Amino acid sequence: MSAQPFTLTIDGEQVAGETTFGVVNPATGSVFAQAPDATRAQLDQSVAAARRAFEGWKKTSVAQRREAMLAFANEVRAQSDSLARLLTTEQGKPLSAANREVRVTAERLEKLAVYEVGDEVLRSDGTSRVVLDYQPMGVVGAIAPWNSPLVLATQITAQALISGNSVIVKPSPFTPLTTLRLGEIAGRTLPRGVFNTLSGGNDLGQWMTEHPGIDKIGFVGSVATGKRVMASAAASNLKRVSLELGGNDAAIVLDDADIDAIAPRLFWSAFVNSGQICMAIKRVFAHEAIAEHLAAALADIARRAKVGDGLDPDVELGPVQNRPQYERVLGLIEDALVRGGRALSGGGALNRPGYFIAPTVITGIREGVRLVDEEQFGPVLPVMTFNTIDEAVQRANATRFGLGASVWSGSPLRAAEVACRLQAGTVWVNAHGGAAADIPFGGFKESGMGRAMGMMGIKSYMEARVLHLPQ
Ligand code: NAD
């Protein structure tokens, strides 16, 4: 696919792995490229390089760091066509979505680079002055998932870089390639050793969390791995952690919602990226007066959605990204159908190579069925009914997740009242999904720890220091 081999970026140099591993195109199910499999020694070299680079980078002004990050962003933009094609080929998402992800990647670098954390004077009483200032932490390990690999890796690193840290970035073994290309760009635009990229298996992630030379882990991924990251980070050197984890977002649709108007928005908030978005709608609670109408409208859109290879410009939904996830989602659908569920659309795999599942809308199930209780992270959506608002709120909140939620109604005020009762890091009215560099994002309960982006995100890559000074 790409003539140039994929390499690690260590201390500003392009470095081969001692061995490589195959990367599969999910639209075909076949290996199309090789990625370097970083060794523990290469992790040690990266940590040493990042520690050296940190000493210089932390002393630069915010304006200098911003300038370097803007140059980095410009170079990402300049390569957007090849990055987007590579992203579609390794991840599966439609090319239009891949182009958007590359654009947002550049924007994250630009928009997170505007932050400057100032000192806060806590006390000034004539005899002493107490000032709170913020220091960079050191070396940040950024560990990213496979659903939006480029933007999520960049989001972590942009926050870390502008606050004066150096970084080691590890993409998912399912989608390492665009991140490796990002490392090459960083190697040309940022000072040596400030930005290192290592691809490898899950064990590489584990080594990073254990490494005493890494001060903080910015992690985006599943709840199960997030818990392992936190345990390992604590056991090694009490690394700081930011955890952005999974969700099981509820959308509550009230009896006065205009179903035909909201159905397309609700559908795409659930099925975009074939449902592989942390903040996708994963459970719908529809008032019993409108539930049938809504489920039929969603199923109708599902049947008409064009599913296929994301490189085909007409395609709206690509494959599931990898075989284990494909098998897991098919298992959830099968289980729901065995337990009384009815598929109004889809219901199984498409008969073609690659990891394709027909967009599936399921009714007739409720809590106690895995598709409702677990995060499906695939193109299948359960639509359930409720009778009273108290019941809907109680059921929406009855989960160990708490990432996002939404309320849909013809009366925004009525919806807002319900929204305020939901336990989630982000709650929308008549919309669902979307993140921005200036708005903190994160989860209640097991959906995460800390908030990404905005000033809250930036400060989470810094240590607060109290200075007691003479007046
Ligand atoms: P995952 O947890 O399996 O893997 C995430 C990353 O962790 C990968 O790079 C993986 O190699 C690495 N890893 C695996 N084991 C590790 C270990 N023991 N120590 C350190 N690193 C390890 O997640 P995934 O399947 O790649 O991604 C899907 C999940 O990510 C979903 O649950 C989704 O909701 C979540 N997600 C959350 C957000 C958010 O912002 N909250 C955004 C996107 C995805």
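Every value quoted in this text rests on a predicted model; they were computed, and no experiment measured them.

Time to look at the pattern of salt bridges. Here the idea is simple: oppositely charged side chains can pair when their charged atoms come close. Per the stated rule, a full pass over the model turns up 28 salt bridges. For Asp-312, the salt bridge is made with Lys-306, and the minimal N-O distance between the two is 3.7 Å. Residue class for Lys-306 comes out partly exposed when judged on its relative accessible area of 37%. The salt bridge involving Arg-395 is made with Glu-391; its shortest N-O contact spans 2.7 Å. Here Arg-395 and its partner Glu-391 are both found in helix α13 (residues 389–397), four residues apart, which amounts to about one turn of the helix. Note on Glu-391: relative accessible area 24%, which makes it partly exposed. It is possible to trace a salt-bridge network through shared partners that takes in Asp-11, Glu-13, Arg-52 and Arg-192.

The subject of this paragraph is the site of the ligand. In the vicinity of the ligand there are 29 residues, among which Ala-144, Asn-202, Ser-222, Leu-245 and Glu-375 approach most closely. At 2.7 Å from an oxygen atom of the ligand is found a main-chain nitrogen or oxygen belonging to Ala-144. Taking Leu-245, its main chain carries an N or O atom lying 2.7 Å from a nitrogen atom of the ligand. Within the complex, 91% of the 850 Å² of free accessible area of the ligand lies under protein. For the shell around the ligand, the secondary structure elements donating two or more residues are α7 (202–210), β10 (216–220) and α8 (223–237). Per-element tally for the shell around the ligand: the top contributor is α7, with four residues. For the shell around the ligand, the per-class residue count stands at 15 nonpolar, 10 polar and four charged.

Definitions and limits used
- Residues numbered from 1 in each chain as written.
- Predicted model: local features only at pLDDT ≥ 70, side-chain atom pairs only at ≥ 80, totals over all residues.
- Heavy atoms only, no water.
- Salt bridge = Lys/Arg side-chain N within 4 Å of Asp/Glu carboxyl O.
- Buried < 20%, exposed > 50% of the residue type's maximum accessible area, 1.4 Å probe, protein only.
- Helix = DSSP H or I, 4+ residues; strand = E, 2+ residues; numbered from the N terminus.
- Near = heavy atom within 4 Å.
- Polar contact = N/O pair within 3.5 Å; in protein donor to acceptor, adjacent residues only side chain to side chain.
- Areas by Shrake-Rupley, 256 points an atom, 1.4 Å probe, with all protein chains shown as cover.
- Nonpolar A, V, L, I, M, F, W, Y, C, P; charged D, E, K, R; others polar.

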